[in-house]
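Observations on chain architecture
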Amino acid sequence: MKIGRMIAVLLLGACAGGKSETRPADDRFFSTPFLAAAPADAAPSVDSLSPVEAFTLEVSLERASGGRIAAPRITMYPRQVASIAVVNQPVEDGLRLEACATRAADGGVVLGFSLKLSRVLDPVPDEKPVDGVVVRPRMPGVERAEVSGARWLEPGVQGLLARVASPDGSGPLLVLARVTPIRIDAPAPGAAPEDFGDAALARPMSGHTLHLRVSAVTIGRDVEPGTVFDETAAPDVLKAAGGRVLRDFEVFSCLDSRVRLSGVLDMQGGMRGLVAEGRDDGKLDISWTTTSGTRTATIRPNAGRRFVALANVEGGGTAGVIVSVDAD
């Protein structure tokens, strides 16, 4: 049989078998019902705004369920530290954001940011008096989540700053941001824009944007506290040991002293939770506090996953942290 005839036979056989052909009119690829296009904004092109005199910042928090919380849009001059707060006064219950935007040499935007989320826990019920002794009411605690850092963003394009665990217990939140260059009137001669937050957020980038992830975990194997598995050993060792992730923190940032990831519970009995703070030498200081005390470690994050053992656990096993860089 000639080659041309063999190909024709194969094609005919393929057409004759299998499921019936879908008509183009019924194919979802050709017939997905798009909504009418919204009219285009009359805003000028981002690329035409040179030099850039100011930025608008839009930050939103998105839940896994699809719910969305948008913070008020703010406008700021380059290198000005701006802040917004959405809180219930007088208690610290809500969202606080500080940010600073500057132009990068390649035309992008460097955004320094610090986001704090807090929730006041439900009041603790008063205990019933015993033998005529009235027990004082106990004040409620506050659960806080904090993430800070600095990353490069494409102007006008929405990017991910971090994933944080919501203090209200509803699960992870995506922290999304968009920085758009605009033109506004320059400050009066001799006047300087006032900063409303941490001036360190205005520092230039120190290195590239990294995906840093810190996970508080327990594993089902006894490991001596202080032991570190490097990126070549951690994946296989941890897979064999099993384990449970208790809390996850992620940030997209360069790695310097602006990086801070924390999830803490502040109650009358003290503060408990995990805090990871970056250093300008590229290392990460980690502190994990429970009802049993505080354990600390310092680790240098490398590409991949590293594990540091912090404490052995009653009944067997080890508590520690997995530190990942650009390892989804």
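About the cut-offs
Residues numbered from 1 in each chain as written. Predicted model: local features only at pLDDT ≥ 70, side-chain atom pairs only at ≥ 80, totals over all residues. Heavy atoms only, no water. Buried < 20%, exposed > 50% of the residue type's maximum accessible area, 1.4 Å probe, protein only. Helix = DSSP H or I, 4+ residues; strand = E, 2+ residues; numbered from the N terminus. Arc of directions from axis to C-beta. pLDDT = per-residue confidence, 0-100. Contact = heavy atoms within 4.5 Å. Pairing = 2+ DSSP bridges. Core = buried A, V, L, I, M, F, W, Y, C linked by side-chain atoms within 4.5 Å. 1 Å grid on protein atoms, 1.4 Å probe; cavity = no way out; pocket = protein on both sides within 12 Å on 5 of 7 lines; lining within 4 Å. Points joined across faces, edges and corners; volume = space filled by probe spheres on them. Nonpolar A, V, L, I, M, F, W, Y, C, P; charged D, E, K, R; others polar. Axes fitted to C-alpha atoms, helices over the stretch in contact; angles between N-to-C directions.

Moving on to helix α3 (residues 234-241). Taken as a whole, α3 has its buried residues at Ala 234, Leu 238 and Ala 241. Down the axis of α3, the sector holding all buried residues measures 65°, keeping them to one side. Seen from the open side of α3, the exposed residues pointing more than 90 degrees away from its buried face are Asp 236, Lys 239 and Ala 240.

Any segment with low pLDDT has predicted coordinates that should not be analysed in fine detail. Overall, the predicted model of the chain reaches an average pLDDT of 84, with 82% of residues at or above 70. Confidence scores differ between elements of the chain, with helix α1 (residues 3-16) showing the lowest mean pLDDT of 43 and strand β15 (residues 284-290) the highest of 96. Ignoring residues within four places in sequence, the model shows residues 1-15, a span with pLDDT below 50, making one contact including any to other chains. Predicted confidence is poor over residues 46-51, with pLDDT under 50, and the contacts of this stretch with residues over four places away or in other chains come to twelve contacts.

This paragraph deals with the pairing of strand β6 (residues 109-120). With nine of twelve residues buried, β6 lies mostly within the body of the structure. Judged from the ten bridges that link them, strand β5 (residues 94-103) and β6 form a sheet pairing that is antiparallel. Bridge pairing links Arg 103 to Val 109 in β6. Sheet analysis places β6 next to strand β7 (residues 142-153), joined by twelve bridges and oriented antiparallel. Looking at β7, one finds that Phe 113 is bridged to Gly 149.

When you line up the elements, Thr 218 lands in strand β10 (residues 210-219). On the basis of relative accessibility, which here comes to 24%, the residue Thr 218 falls in the partly exposed class. With 103 residues separating them along the chain, Thr 218 and Val 321 place their C-alpha atoms 8.2 Å apart. Residues within four places of Thr 218 in sequence aside, it is in contact with Gly 242, Gly 243, Arg 244, Leu 246, Thr 318 and Ala 319.

One finds Leu 57, Leu 111, Leu 212 and Leu 284 to be the most contacted residues of the largest nonpolar core, which totals 48 residues. At five residues, β6 tops the list of elements feeding residues into this core. Apart from the residues within four sequence positions on either side, Leu 284 is in contact with Leu 212, Val 214, Leu 255, Ala 276, Glu 277, Gly 278, Ala 297, Thr 298, Ile 299, Pro 301 and Val 323. Within the second largest apolar cluster, ten residues are counted, among which are Val 223, Phe 229, Ala 234 and Ile 322.

Moving on, we come to the layout of surface pockets. Empty space among the atoms becomes apparent when a probe as large as a water molecule is rolled across them. For the largest pocket, the calculated volume is near 600 Å³. Together, 24 residues line the largest pocket, and Leu 246, Trp 288, Thr 289, Thr 290 and Ala 319 are the ones closest to its centre. Within the residue set of the lining of the largest pocket, elements represented by two or more residues are β10, β12 (244-253), β13 (260-267), β14 (270-278), β15, β16 (293-299) and β17 (304-312).

Below, the discussion takes up empty space enclosed by the protein. This model, assessed by the stated rule, comprises one cavity of 30 Å³ or more. Of the voids in this model, the largest cavity is the one considered here, and its volume is about 40 Å³. In this structure, the largest cavity is lined by Leu 210, Leu 212, Val 251, Ser 253, Cys 254, Leu 255, Val 259 and Val 325. Broken down by class, the residue content of the lining of the largest cavity amounts to seven nonpolar, one polar and no charged.

Our next topic: the sheet that holds β5. Strand order in the open sheet formed by eight strands is β4-β5-β6-β7-β13-β14-β15-β16, and the pairing between neighbours is antiparallel. Since the sheet does not close on itself, it has two edges, and those belong to β4 (82-87) and β16, each with one partner. Geometrically, the sheet is characterised by an average inter-axis angle of 10° between neighbouring strands, direction not taken into account. With six bridges joining them, β14 and β15 adopt antiparallel strand pairing. When the bridges of β15 are listed, Gly 273 appears paired with Thr 289.

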